[in-house]
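# Descriptive structure summary
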Amino acid sequence: QQPVQSPQAVILREGEDAVINCSSSKALYSVHWYRQKHGEAPVFLMILLKGGEQKGHDKISASFNEKKQQSSLYLTASQLSYSGTYFCGTEIGTDKLIFGTGTRLQVFP
Amino acid sequence: GAVVSQHPSWVICKSGTSVKIECRSLDFQATTMFWYRQFPKQSLMLMATSNEGSKATYEQGVEKDKFLINHASLTLSTLTVTSAHPEDSSFYICSARDHSGRSDTQYFGPGTRLTVL
């Protein structure tokens, strides 16, 4: 039931791009994306409510393919502050949010 | 964005004691709050859904008699870890959904790190 994220880990140089994928075995009602720094709570990035929806803020964007039960997070021209673990959270018809397996992203100068 | 607070930030206790963790929504009302547990280098695992004025709904495998949840008001939910043991040591995070119409986002508290000796 837990969504699977890929890749598990990414190492980038500042300015490089990355894509993080989130796949669910169940139909999705919405997808949430969060970033978590070590020892801190997750911080909300964005929510996608409809299949086919794409959304972005600054240089981080995401898409939601309802039919494929997938979502992708795109990080463009990465910055040092992007380092952390990224989680997708999926709703499967209730108010509950089930978190994905996580992707650890490290950006070096 | 909405703010959710947790208290305490960290707690160290002896095995066999009980620990209470508070979760508050500071600027919105939350009929539903959620409790998660996160072990090192792992994802957040949903433990239970806390419903204001009614019993909590626990996820499979979570002992309801060990993790007592009380949602006494629209802004406060508490999680009590009873008879804590070293294996209960973890990062406990609560969240609340803001259904105010401005957004449908789930906001997380800063977390409580529990260490059981």
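Procedures and definitions
Here the residue numbers are simple positions, counted from 1 along each chain's written sequence. For naming, the first written chain is A and the first written ligand is 1, with later ones following in the order written. At least 70 in pLDDT is required for a residue's local features to be given in this predicted model, at least 80 for side-chain atom pairs to be given and counted, and no such filter applies to totals for whole chains, interfaces and linings, which use all residues. Hydrogens and water molecules were not included; the side-chain quantities draw on all heavy atoms of the structure. A helix here means a DSSP run of H or I that spans at least four residues, while a strand means a run of E at least two residues long, and both kinds are numbered starting from the N terminus. Here the globule rule is a power law, 2.2 Å times the number of residues to the power 0.38, and the radius of gyration is based on C-alpha atoms. Exposure categories follow from relative accessible area, calculated using a 1.4 Å probe and restricted to protein chains: below 20% of the type maximum is buried, above 50% is exposed, and the middle band is partly exposed. The contact definition used throughout considers only heavy atoms, calling two residues in contact when any of these lie within 4.5 Å. Under the convention used here, a 1.4 Å probe and the Shrake-Rupley method define accessible areas, while residue burial counts only the protein chains that appear. We score Asp and Glu as negative and Lys and Arg as positive, and we do not count His or the chain ends. Where a charge lies is defined by one atom per residue type, namely NZ (Lys), CZ (Arg), CG (Asp) and CD (Glu). We define a salt bridge as a contact between a side-chain nitrogen of Lys or Arg and a carboxyl oxygen of Asp or Glu at a distance within 4 Å.

Let us now look at the overall build of chain A. Summing up its helical and strand segments, chain A has 0 helices and 11 strands in all. Starting at the N terminus, the α and β elements of chain A follow one another as β-β-β-β-β-β-β-β-β-β-β. Against the compact-globule benchmark of 13 Å for 109 residues, chain A has a radius of gyration of 13 Å, which places it among compact chains. With the C-alpha coordinates of chain A rotated into their principal frame, the extents come out at 40 × 30 × 20 Å. The buried share of chain A, reckoned over its 109 residues, is 44%. In chain A, of all internal contacts separated by at least 6 residues, the share reaching a separation of at least 24 is 56%. A total accessible area of about 5,500 Å² is found for chain A, and carbon and sulfur atoms account for 49% of it. Computed over 11 positive and 9 negative side-chain charges, the inter-centroid distance for chain A is 5 Å.

Turning our eyes to something else, we now look at the pattern of salt bridges. In this structure the tally under the stated criterion is 4 salt bridges over all chains. Among the salt bridges present, the one from E91 of chain A reaches R97 of chain B, with a minimum N-O distance of 3.0 Å. Of this pair, E91 of chain A sits in strand β9 (residues 84–91) while R97 of chain B sits in strand β9 (residues 90–97), which puts the two residues in different chains. By the burial criterion, E91 of chain A is buried, and R97 of chain B matches it.

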